[in-house]
Amino acid sequence: MLFEQMKNAAPAGGRFAPTSRRGFLKAGTLATGGLVLGFVLPTGGRFARAADAAKPTVYAPNAFLRVAPDNTVTVLVNRLEFGQGVHTALPMVIADELDADWSQVRGELAPAADVYKDPAFGIQMTGGSGTIAHSFTQYREVGARARAMLVQAAAQQWKVDPSRCRTAKGVVYGPAGQKATYGSLAEAAMALPVPQTVTLKDQKAFRYIGKPMPRLDARAKSTGRQQFGLDVKPAGTKVAVVAHPPVFGAKVAKFDAAKAKAVRGVIAVLEIPVDRGGRGVAVVADGYWPAKQARDLLAIEWDTSAVEKVDSAKQLAQFAELAKTPGAVARKVDTSKLAGASKKISAVYEFPYLAHAPMEPINCTVDLKDDACILWVGSQFQTIDQAAAAATAGLKPEQVTLNTMMAGGGFGRRAVPTSDFIVEAVNIAKAYKAAGHAGPVKLIWSREDDIRGGYYRPSHIHRADIGLDAGGNIVAWDHTIVGQSIITGTAFEPMMVKNGVDATMVEGMGEPYDVPLNLTAHAVKANVPVLWWRSVGSTHTAFVMETLIDEAAHAAGQDPVAYRKKLIDAKHARHHAALDLAVAKSGYGKKTLPKGRAYGVALHESFNTVVAYVVEASIVDGSPKVHKVTAAVHCNLPVNPMSIEAQVQGAALMGLGTTLPGARITLKDGVVEQQNFGDYTVARMNDMPQVDVHIVPSQDPPTGMGEPGLPPLAPALANAVFKLTGKRLRKLPFDLAAA
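Let me begin by describing the structure that accompanies this report. Remember, predicted model here, so these are calculated numbers, not experimental data.

## Observations concerning the sheet that holds strand S31 (residues 690-695)
Argument step 1. In space, the four strands of this open sheet follow the order S26-S27-S28-S31, with mixed pairing throughout. The strands lining the two open edges of the sheet, one partner per strand, are strand S26 (597-606) and S31. Averaged over all adjacent pairs, the angle separating strand axes in this sheet is 20°, with direction ignored.
Argument step 2. The pairing of strand S27 (residues 609-620) with strand S28 (residues 623-634) spans eleven bridges and is antiparallel. Within S28, the position partnered with Val 614 by the bridge is Thr 630.
Argument step 3. Helix H17 (residues 713-725) rests against S26, S27 and S28 of the sheet, and its axis sits at about 150° to S26.

## Some points on the pairing of strand S11 (residues 279-285)
Argument step 1. Across the seven residues of S11, six count as buried, placing the element largely inside the fold.
Argument step 2. As paired elements, strand S8 (residues 238-243) and S11 share five bridges and run antiparallel to each other. Residue Val 241 lies in a different strand from S11, and its bridge partner there is Val 283.
Argument step 3. As paired elements, strand S10 (residues 266-273) and S11 share seven bridges and run antiparallel to each other. Across the sheet, Ala 268 pairs through a bridge with Val 284, a residue of S11.
Argument step 4. Linking two consecutive strands that pair antiparallel, namely S10 and S11, is a turn of five residues; a positive phi of about 65° is found at Arg 276 within it.

## Examining the packing of aromatic side chains
Argument step 1. The final tally for this structure, using the stated rule, is 13 aromatic pairs.
Argument step 2. Ring centres of Phe 248 and Tyr 456 lie 6.2 Å apart, and the angle between their planes is 65°; this geometry places the pair in the edge-to-face category. In this pair, Phe 248 sits in the loop between S8 and strand S9 (251-256) while Tyr 456 sits in strand S20 (residues 456-457), placing the two residues 208 residues apart along the sequence.
Argument step 3. Classification of Tyr 456 by relative accessible area gives buried; the value is 0%.
Argument step 4. Aromatic pair Phe 381 and Phe 492: ring centres 6.0 Å apart, planes at 35°, arrangement tilted. Here Phe 492 lies in the loop between strand S22 (474-483) and helix H11 (493-496) and Phe 381 lies in the loop between strand S17 (373-377) and helix H8 (382-393), a separation of 111 residues in the sequence. Just as Phe 381 is buried, Phe 492 falls in that class too.

## Re the nonpolar core
Argument step 1. Formed by 73 residues in total, the largest nonpolar core has its most connected members in Ile 474, Trp 477, Leu 548, Tyr 563 and Tyr 613.
Argument step 2. What Ile 474 contacts, discounting residues up to four positions off in sequence, is Ile 466, Gly 467, Leu 468, Val 515, Pro 516, Ile 549, Ala 552, Tyr 563 and Leu 567.
Argument step 3. Of all hydrophobic cores here, the second largest spans 50 residues; its members include Phe 64, Ala 100, Ala 155 and Leu 192.

## What about the side chain of Ser 485?
Argument step 1. Summarising the element assignment, Ser 485 is placed in the loop between S22 and H11.
Argument step 2. A polar side-chain atom of Ser 485 sits 3.1 Å from the main-chain amide nitrogen of Ile 487.
Argument step 3. Polar contacts involving the side chain of Ser 485 include one to the side chain of Asp 502, which spans 2.7 Å.

## Topic: unusual backbone geometry
Argument step 1. Of note, the amide linkage connecting Glu 511 to Pro 512 takes the cis form, showing an omega dihedral of 0°.
Argument step 2. Look at Asn 608: it is not a glycine, yet its phi comes out positive at around 65°.
Argument step 3. Take Asn 608: it is sitting in the loop between S26 and S27.
Argument step 4. Judged by its relative accessible area of 51%, Asn 608 is exposed.

## Quick word on the environment of Tyr 513
Argument step 1. Turning to its location among the elements, Tyr 513 is positioned in the loop between helix H12 (503-506) and strand S25 (517-523).
Argument step 2. Residues Tyr 513 and Ala 285 lie 228 residues apart in sequence; the distance between their C-alpha atoms is 58 Å.
Argument step 3. What Tyr 513 contacts, discounting residues up to four positions off in sequence, is Met 545, Glu 546, Ile 549, Arg 564, Leu 567, Ile 568 and Leu 603.

## Here we look at the sheet that holds S11
Argument step 1. Reading across from one edge, S10-S11-S8-S19-S16-S17-S18 is the order of the seven strands in this open sheet, with mixed pairing throughout. Each end of this open sheet is capped by a strand with a single partner; those strands are S10 and strand S18 (400-404). Across the sheet, the axes of successive neighbouring strands diverge by a mean angle of 25°, strand direction being ignored.
Argument step 2. Against the sheet, H8 engages strand S16 (363-368), S17 and S18, with an angle of about 145° to S18.

## Let's talk about the packing of helix H14 (residues 560-567) against helix H15 (residues 573-586)
Argument step 1. Interaxial distance between H14 and H15 falls to 11 Å at its minimum, and their mutual angle equals 165°. Overall, the two elements H14 and H15 adopt an arrangement that is roughly antiparallel. Pair H14 / H15 crosses with left-handed handedness. Taking contact as the criterion, the partners of Val 561, Arg 564 and Lys 565 in H14 are, on H15, His 576, Leu 579, Asp 580 and Val 583.
Argument step 2. Broken down by class, the residue content of the contact of H14 with H15 amounts to three nonpolar, one polar and three charged.

Parameters at a glance
Residues numbered from 1 in each chain as written. Predicted model: local features only at pLDDT ≥ 70, side-chain atom pairs only at ≥ 80, totals over all residues. Heavy atoms only, no water. Pairing = 2+ DSSP bridges. Helix = DSSP H or I, 4+ residues; strand = E, 2+ residues; numbered from the N terminus. Axes fitted to C-alpha atoms, helices over the stretch in contact; angles between N-to-C directions. Contact = heavy atoms within 4.5 Å. Buried < 20%, exposed > 50% of the residue type's maximum accessible area, 1.4 Å probe, protein only. Phe/Tyr/Trp six-rings, centres within 6.5 Å; stacked < 30°, edge-to-face > 60°. Core = buried A, V, L, I, M, F, W, Y, C linked by side-chain atoms within 4.5 Å. Polar contact = N/O pair within 3.5 Å; in protein donor to acceptor, adjacent residues only side chain to side chain. Parallel < 35°, antiparallel > 145°, perpendicular 65-115°, else oblique. Left-handed = near helix turned anticlockwise from the far one by under 90°. Nonpolar A, V, L, I, M, F, W, Y, C, P; charged D, E, K, R; others polar.

Here it is, written out as structure tokens:
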């Protein structure tokens, strides 16, 4: 077996420094042997030369590729798979350059390790729709290097020039009819140096990339055999649940655990620190049900005297007042033409807090020893979570093993800068161990725990004043946004907060339109934990931009599609292409819809991908109903069109969910009022419209796809509702009666 792994350090900004041979981590071997490759992307985008390694005795899973003697190819995926399809897409990329037999390719989630850091961000993470965009070349390079080494090994055995050999479906063929499987060559290939440079395939030669490929994890998930974090149960594992303070950051004044301890199966009741400086009470038991029953019997008096108690109604009123004043400048433009404008649009938009509500509840299993800690968790932030667990346990990061588990959704909730539930799990394990107990502990948050005590998409208010001339041209646009910053106070602040403006709060404003937008923002502090939520700032900015552009088109007496195309300049060719494709495929402007139906259009770019929607909607029993969505996607080269289709369909449904009554988190006296899906609405199967997905052809490097399908749905529907009712919707979720 050959193992190449380079340890790297990522300074601020996510740039990688080259490392020396002495920087290699110790390597190990599979019991069955095989070929193993790994690499990092140094500064400047070139791959460093690998070191030769003697055959080690213990395999350390810190590589990207394993070829076993039976010709099975296992690709280590450096991300979290939680529904977006990277467990298939990244193996596709390696397999194509490797010329592997797809039927013999497997995927495996990589643990936390330096070698798996995102080349752009400098940490191991899954977010920002960056998996394919950032690791496409990485995985192509490692596949090409592995193929070159296997060819070299075969050529040496046959005593021929490597250039006279070819590969196909996991086999090397020689010039005289010789052939050898990759599995049979792996041991010989391990003795060869990794080539510094390789020639990547011409895209015309791709066998897998760009083709719709069924997911590698589909069978296991559809048959219930896939193991998620919640399914992990090392020998001797106990389950912990926590009574969190009702107000964020509150503490325990006192508690009585007598009744809780009397529940059969309860092992320990422990006071522990929790997120945001608060205190909570953990119950550890033989299983979830006794732990949950015992928690319900705890008599706790909470001290909320030192923490702010947010009231949603009062907060939005305060935000609305603040929006009347200029904030920190994000984009400076003269607005003097507002006063003399022929037509004016004035609007205030309101957006609530939103919970992530992933289908698999938050969980983390911890096995804490004196000198080591093992975690099993569905983490989007492996590097950060590993470091946080180490600091909490009083260990070094290298003493913490973080096993990345499949996760049932996340939408950002598993990428928390404070590592809230991981830290909480380790604190429980520490207290449990200090109380004289041993063995793994699995922390489980119920759905209610997460909806009432997790992190949220921030609440926002937008105020817009737009002036148009007699020809319908926008001559001035003054805009202010008010909300909490999700970046301030995190490690991302130096890169993403400029002049007091959180870049995520204003992302998507103005683009791709040539409009004179003066943009300011107020970042307000509040005692509510906030976090990115699928598509981040675009969850609200896209709605505002696309409904206001639509309103301006109506005020100008022009078709909304034609008006948009007039405002999109030539440098945004991808926007034109996506919009044109969606319009053409939907029949907009050509097809007559049934009575009572109307088209709605929206276009938005997020994470460098453009998505255009044309929806067909009606009003049913006083509420909007989406019947069909025609989507056009420009994500450059589509690695797996089947996954792209699934991502757009899922994102469209999630975007639709933000419009439904009850899709909001509210607080009263600092306490979250919603508890579960009974009072916090998410879109369900019966809400799902027909969603036809079309991809704009492109050979350019791929862009992000996990999130961009969400933002344009709600504004496209709102624009259709206007055509049906004459009402402009300024709030999410929708309330036609109040509009």
